[in-house]
Amino acid sequence: MSNFHVMDHPLIQHKLTMIRQKDCGTKVFREVVNEISMLMAYEVSRDLPLEDVEVETPLVKTTLKTLAGKKVAIVPILRAGLGMVDGILQLIPAAKVGHVGMYRDHDTLQPVEYFVKLPSDISERQLFVVDPMLATGGSAVAAIDSLIKRGAQPSSIKFCCLVAAPEGVKVLQEAHPDIHIYTASLDECLNQDGYILPGLGDAGDRLFGTK
Ligand code: PRP
Ligand code: URA
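Residues numbered from 1 in each chain as written. Chains lettered and ligands numbered in written order. Predicted model: local features only at pLDDT ≥ 70, side-chain atom pairs only at ≥ 80, totals over all residues. Heavy atoms only, no water.

Here the focus is the site of ligand 2. If you check the shell around ligand 2, you find Arg104, Met133, Ala135, Gly194, Tyr195, Ile196, Gly201, Asp202 and Ala203 and nothing else. At 2.8 Å, a backbone N or O of glycine 201 approaches a nitrogen atom of ligand 2. In the model, an oxygen atom of ligand 2 is placed 2.9 Å from a nitrogen or oxygen of the alanine 203 main chain. For ligand 2, the protein covers 88% of the area, taking 240 Å² as the surface of the free molecule. The residue inventory of the shell around ligand 2, partitioned by class, reads five nonpolar, two polar and two charged. (Near = heavy atom within 4 Å. Polar contact = N/O pair within 3.5 Å; in protein donor to acceptor, adjacent residues only side chain to side chain. Areas by Shrake-Rupley, 256 points an atom, 1.4 Å probe, with all protein chains shown as cover. Nonpolar A, V, L, I, M, F, W, Y, C, P; charged D, E, K, R; others polar.)

Now for a nonpolar patch on the surface. Together, Tyr103, Tyr114 and Phe115 make up an exposed nonpolar region whose accessible area comes to about 330 Å². Along the chain, the position of tyrosine 103 falls in strand 6 (residues 99-104). (Patch = residues over 30% accessible without salt bridge, like charges linked within 9 Å, V, L, I, M, F, W, Y side chains within 5 Å. Salt bridge = Lys/Arg side-chain N within 4 Å of Asp/Glu carboxyl O. Helix = DSSP H or I, 4+ residues; strand = E, 2+ residues; numbered from the N terminus.)

Our focus in this paragraph is the pairing of strand 11 (residues 180-186). Burial analysis of strand 11 places six of its seven residues in the buried class, the great majority of the element. Note: strand 1 (residues 4-6) against strand 11, three bridges, orientation parallel. Residue pairing for strand 11: phenylalanine 4 is matched across the bridge by isoleucine 181. As judged from the six bridges shared by strand 10 (residues 157-164) and strand 11, these two strands associate in the parallel manner. Residue pairing for strand 11: alanine 164 is matched across the bridge by leucine 186. In the classification by handedness, the crossover that spans strand 10, the intervening helix 5 (residues 166-175) and the parallel strand 11 is right-handed. (Buried < 20%, exposed > 50% of the residue type's maximum accessible area, 1.4 Å probe, protein only. Pairing = 2+ DSSP bridges. Right-handed = clockwise from strand over helix to strand, strands pointing away.)

Rendered as structure tokens:
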């Protein structure tokens, strides 16, 4: 099975088209990123393990399923990844949230790490690393390297974005071939400034109303 998943559900595609439009304002942009993230969480969590549990319904005792094994942590890459957290928490409310602060140097396009705060038990958790944009792939690779350096299991990491460029997918797959990548769209390419085309612009600025 391929490790690369494009979530082409009609609701996701419709909502992604809304936020790509340049006249979509901060309020709607934020709300719709939240909605898309919730829809994506449904698919990204599809293979969470289940275990049997004995329960008593009002009528009988029976054996049913409950989530088992590794618990989840969501790890947004700051800033823009923050926009995806609440939507996922709506479906997985007990998840812990770690943060990796990473910005792209505007001239070199290289990621610069400025903050890391993670749950102490990340080595035992299923990690959903989230960032709306996978462009050159530098930020995603650096964030995942940082998690692994701090004890995360590569086989427990999934990367979830809204828009991916082929260049970034290649870089991430070469650096971490076993990590599953989930995106709402595989776009065409990067422009000369490292922005995704057609893309949606600067996700952090659009989410937070900066610039
Ligand atoms: C954006 C985006 C990713 C990164 C993707 O963040 O949210 O983190 O760029 O680009 P890459 O794949 O080429 O590394 P940015 O650096 O603009 O920081 P921000 O989220 O704080 O706005
Ligand atoms: N980061 C963004 O926010 N948008 C892009 O198109 C590329 C990187």
